[in-house]
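Structural overview
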Amino acid sequence: MSAIGNCPWCGDPDPIVRTAGIIAVYCTNLDCVAHGPIASTPDRAIIAWNRLATPGQGEVPTDLAPLTELLAAAEGVLDHTYNGAFDRLRAAVARVRGE
């Protein structure tokens, strides 16, 4: 099995592959809770996850304005339903921006 790279969103060094149900790599940082693309095997899940942070292969976007606008529009409607999920997402966006 390939080595799993750090989380491309928060830098967490310990992401894991879950194979129960949906096969994907998941970040273990509870403030991030990112996951990679769904795959058919653990190896493919790791390859897809590692591509998220590889330049030219799906890197984290530097222009987060559209995401910020979407976040602002949706948080008032949905935040009470998802128990603070938007606070965690807002914190992850801030980390990516270097704030």
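What you see is a predicted model, and the numbers here were worked out from it, not measured in a lab.

Digging into the overall build of the protein chain
When its secondary structure is counted, the protein chain shows 3 helices and 2 strands. Burial analysis of the protein chain (99 residues in total) assigns 26% to the buried set. Sequence separation of 24 or more characterises 37% of the internal contacts of the protein chain that already satisfy a separation of 6 or more. A total of about 6300 Å² of accessible surface is found on the protein chain, and carbon and sulfur atoms cover 57% of it.

A few points about the nonpolar core
Listed in full, the 11 residues of the largest apolar core are Cys-7, Ile-23, Val-25, Cys-27, Cys-32, Ala-34, Ala-39, Ala-45, Ile-46, Trp-49 and Leu-52. At 3 residues, the largest contribution of residues to this core is made by helix 1 (residues 42-51). Setting aside chain neighbours within four positions, we find Cys-7 in contact with Asp-12, Pro-15, Cys-27, Cys-32, Ala-34 and Trp-49.

Topic: helix 1
If you check which residues of helix 1 are buried, you get Ala-45, Ile-46 and Trp-49. Down the axis of helix 1, the sector holding all buried residues measures 100°, keeping them to one side. Where helix 1 is buried, its residues contact strand 1 (16-18) and strand 2 (24-26).

So, the state of the cysteines
A full pass over the atoms with the stated rule returns 0 disulfides. Cysteine Cys-10 is unpaired, with the sulfur of Cys-27 as its nearest cysteine sulfur at 3.6 Å.

Some points on the environment of Leu-52
Summarising the element assignment, Leu-52 is placed in the loop between helix 1 and helix 2 (65-78). When the C-alpha positions of Leu-52 and Gly-5 are compared, they lie 9.5 Å apart, and in sequence the two are 47 residues distant.

Regarding the environment of Arg-95
Turning to its location among the elements, Arg-95 is positioned in helix 3 (residues 85-97). Given the relative accessible area of 34%, Arg-95 is considered partly exposed. Among residues more than four places away in sequence, those in contact with Arg-95 are Cys-10, Asp-31 and Cys-32.

Focus on the environment of Gly-36
For Gly-36, the location among the structural elements is in the loop between strand 2 and helix 1. In this structure Gly-36 comes out as buried when scored by relative accessible area, which is 5%.

Let's talk about the confidence of the model for the protein chain
Interpreting fine coordinate detail is not advised for predicted regions of low pLDDT. Predicted confidence across the protein chain gives a mean pLDDT of 76, with 65% of residues reaching 70 or more. Model confidence for the protein chain, summarised as mean pLDDT per element, is weakest for helix 2 at 64 and strongest for strand 2 at 93. This model gives residues 55-60 a pLDDT under 50, and the stretch forms 10 contacts once residues within four places in sequence are excluded.

Details of the packing of aromatic side chains
All chains considered together, the criterion is met by 1 aromatic pair. One Lys or Arg, Arg-18, reaches over the ring of Tyr-26 and ends 4.7 Å from the middle of that ring.

What counts and how
- Here the residue index of a chain counts from 1 through its sequence in written order.
- Given that the model is predicted, a residue must reach a pLDDT of at least 70 before its local features are reported, and side-chain atom pairs must reach 80 or more before they are shown or counted; all residues, however, enter totals for whole chains, interfaces and linings.
- Only hydrogens and water are removed before side-chain values are computed, so all heavy atoms of the structure are retained for them.
- Secondary structure elements are taken from DSSP: a helix is a run of H or I of four residues or more, a strand is a run of E of two residues or more, and numbering for both begins at the N terminus.
- Partly exposed residues are those whose accessible area sits between 20% and 50% of the maximum for their type, while under 20% is buried and over 50% is exposed, using a 1.4 Å probe and protein chains only.
- Residues count as neighbours in contact if any of their non-hydrogen atoms are within 4.5 Å of one another.
- A 1.4 Å probe and the Shrake-Rupley method give the accessible areas. Residues count as covered only by the protein chains that appear here.
- In these notes, a set of buried Ala, Val, Leu, Ile, Met, Phe, Trp, Tyr and Cys residues joined through side-chain atoms within 4.5 Å is what counts as a nonpolar core.
- Directions drawn from the helix axis to the C-beta atoms are what define this arc.
- Note that a disulfide, as used here, is simply two cysteine sulfur atoms within 2.5 Å.
- For every residue, the pLDDT score states the predictor's confidence, bounded by 0 at the bottom and 100 at the top.
- Ring geometry is summarised as follows: Phe, Tyr and Trp rings, the Trp one being its six-membered ring, pair when their centres sit within 6.5 Å, and such pairs are stacked at plane angles under 30 degrees, edge-to-face over 60 and tilted between the two.
- Note on criteria: charge over ring means Lys NZ or Arg CZ within 6 Å of the ring centre, with the direction from the centre no more than 35 degrees off the ring normal.

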